[in-house]
Amino acid sequence: MKKAVFVALDYDNQKEVQKLLANLGRPEETYIKIGMELYYHYGAGLVTSLVKQGYHIFLDLKLHDIPNTVYQAARQIAHLGVYCTTIHALGGSEMITAAKNGLKDGTAQGSEVPKLLAVTELTSITAKVLSTEQNCSLSMPEQVVSLAQTAKKAGADGVICSPLEVKNLRKKIGSDFLYVTPGIRLTNKSNDDQKRIATPQKAKEFGSSAIVVGRPITQAKNPAQIYHEIKKEFE
Ligand SMILES: O=C(O)c1cc(=O)[nH]c(=O)n1[C@@H]1O[C@H](COP(=O)(O)O)[C@@H](O)[C@H]1O
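Residues numbered from 1 in each chain as written. Predicted model: local features only at pLDDT ≥ 70, side-chain atom pairs only at ≥ 80, totals over all residues.

Chemist: Please set out the site of the ligand residue by residue, giving values where relevant.
Modeler: Taken together, 19 residues are adjacent to the ligand, and A8, L122, P182, G214 and R215 come closest. Split into classes, the residues belonging to the shell around the ligand amount to nine nonpolar, six polar and four charged. (Near = placed C-beta within 6 Å. Nonpolar A, V, L, I, M, F, W, Y, C, P; charged D, E, K, R; others polar.)

Right, here's the structure in full:
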């Protein structure tokens, strides 16, 4: 995977998307994430249109269901020609393998299979919530390693985690695996709903394979300028 900054296009209208994309640079060099908000509004048509324009699309639908349903959904996702996509690691190894098989089976011959990224613990979850609401007896770092181990064995190409966990993951799981990290903030002042955060510079130092950045870019006065600054800092 290219050491990229994925811009999370968390908008509810296409005009805003086009306005932002017009200022980011050449589509072939631009990595964007389409999540549930945009996808549930515009559907697959928007994805295929951006793929056709040359953008690298991270389709983030976080599948989490029984293996057969996830297999069929993943097959449909592969038809769209996206660069990578997500499932929840908590869905278990059988579901993860089903997702991988669905992506393989849905990819046109000669095309690249979309990379499968397993979400470990969401970056909005704290250690306290992990123990008191998920009743998990492991610490956050241990739980993230455990989910990443399961994901790797089941055939995922990488995980989504906090930048704070990447150094430990590289040690425990290895560097032949992707560590894609949201939870990126430019200062420690504006967390929004994110809990396990780091700056682009820190994410780079910790060894993130790629970062995902939404509001620090989309809600900036000059989104394109912030995007290029983050790219320079991370890449
Ligand atoms: O799978 C994701 O991309 C994801 C996983 C996670 O643990 N945390 C997380 O924030 N994300 C996504 O990353 C983006 C972060 O957005 P901002 O908090 O606005 O930078 C959102 O689109 C989230 O859906």
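After that view of the structure, there is still more to cover.
Chemist: Quick one: what's the story with the environment of D176, residue by residue and with numbers?
Modeler: Position of D176 among the secondary structure elements: in the loop between α8 (166-173) and β7 (178-181). With 8 C-beta atoms packed within 10 Å, D176 lands in the exposed category. (Helix = DSSP H or I, 4+ residues; strand = E, 2+ residues; numbered from the N terminus. Buried ≥ 20, exposed ≤ 12 C-beta atoms within 10 Å, placed from the backbone.)

Chemist: Give me the lowdown on the nonpolar core, citing residues and values where you can.
Modeler: In this structure, V5, F6, V7, I57, A99, A118 and V159 are the most contacted members of the largest nonpolar core, which totals 65 residues. The dominant element in this core, judged by the number of residues it contributes, is helix α7 (residues 140-154), at seven residues. (Core = buried A, V, L, I, M, F, W, Y, C linked by C-beta atoms within 7 Å.)

Chemist: Requested: an account of the sheet that holds strand β4 (residues 84-88), with residues and values cited.
Modeler: The sheet built from eight strands closes into a barrel, its strands ordered β1-β2-β3-β4-β5-β6-β7-β8 with parallel pairing. Each neighbouring strand pair of the sheet contributes to a mean axis angle of 25 degrees, computed without reference to strand direction. Strand direction decides the pairing type here: β4 and strand β5 (residues 115-119), joined by five bridges, are parallel. Counted as the bridge partner of C84 is K115 from β5. Across the sheet, helix α4 (residues 67-79) is in contact with β3 (56-63) and β4; its angle to β3 comes to roughly 165 degrees. (Pairing = 2+ DSSP bridges. Axes fitted to C-alpha atoms, helices over the stretch in contact; angles between N-to-C directions. Contact = placed C-beta atoms within 7 Å.)

Chemist: Lay out the packing of α7 against α8 in plain terms, naming residues and giving numbers.
Modeler: Following both chains from N to C, one finds α7 and α8 inclined at 45 degrees, their axes separated by 10 Å at the closest point. Classified by the angle between their axes, α7 and α8 sit oblique to one another. In the packing of α7 onto α8, the handedness of the crossing is right-handed. Contact residues: P141, V144, V145, A148, Q149 and K152 in α7; N168, L169, K172 and I173 in α8. In terms of residue class, the contact of α7 with α8 is built from six nonpolar, two polar and two charged. (Parallel < 35°, antiparallel > 145°, perpendicular 65-115°, else oblique. Left-handed = near helix turned anticlockwise from the far one by under 90°.)

Chemist: Before we move on, could you go through helix α11 (residues 223-234) and cite the residues and values that matter?
Modeler: Owing to its 3.6 residues per turn, the α-helix aligns residues three or four sequence positions apart on the same side. Between its terminal C-alpha atoms α11 stretches 16 Å, which fits the 16 Å expected from twelve residues at 1.5 Å a residue. Taken together, the buried positions of α11 are Y227, I230, K231 and F234. For α11, the arc enclosing every buried residue in end-on projection is 100 degrees, short of the 170-degree limit, so these residues lie on one face. In α11, those exposed residues whose orientation departs by more than 90 degrees from the buried face are Q225 and K232. Residues of α11 that are buried make contact with β1 (5-8), α9 (200-206), β8 (210-213) and α10 (215-218). (Expected span 1.5 Å × (residues − 1). Arc of directions from axis to C-beta.)

Chemist: Tell me about the pairing of β4, and please be specific about residues and values.
Modeler: Burial analysis of β4 places five of its five residues in the buried class, which makes it a mostly covered element. Covered by surrounding structure in β4 are C84, T86 and H88 together with T85 and I87, the residues of both alternating faces. In terms of handedness, the path from β3 via α4 over to β4 forms a crossover that is right-handed. With respect to chirality, the unit in which β4 leads through helix α5 (residues 93-106) into the neighbouring parallel β5 is right-handed. (Right-handed = clockwise from strand over helix to strand, strands pointing away.)

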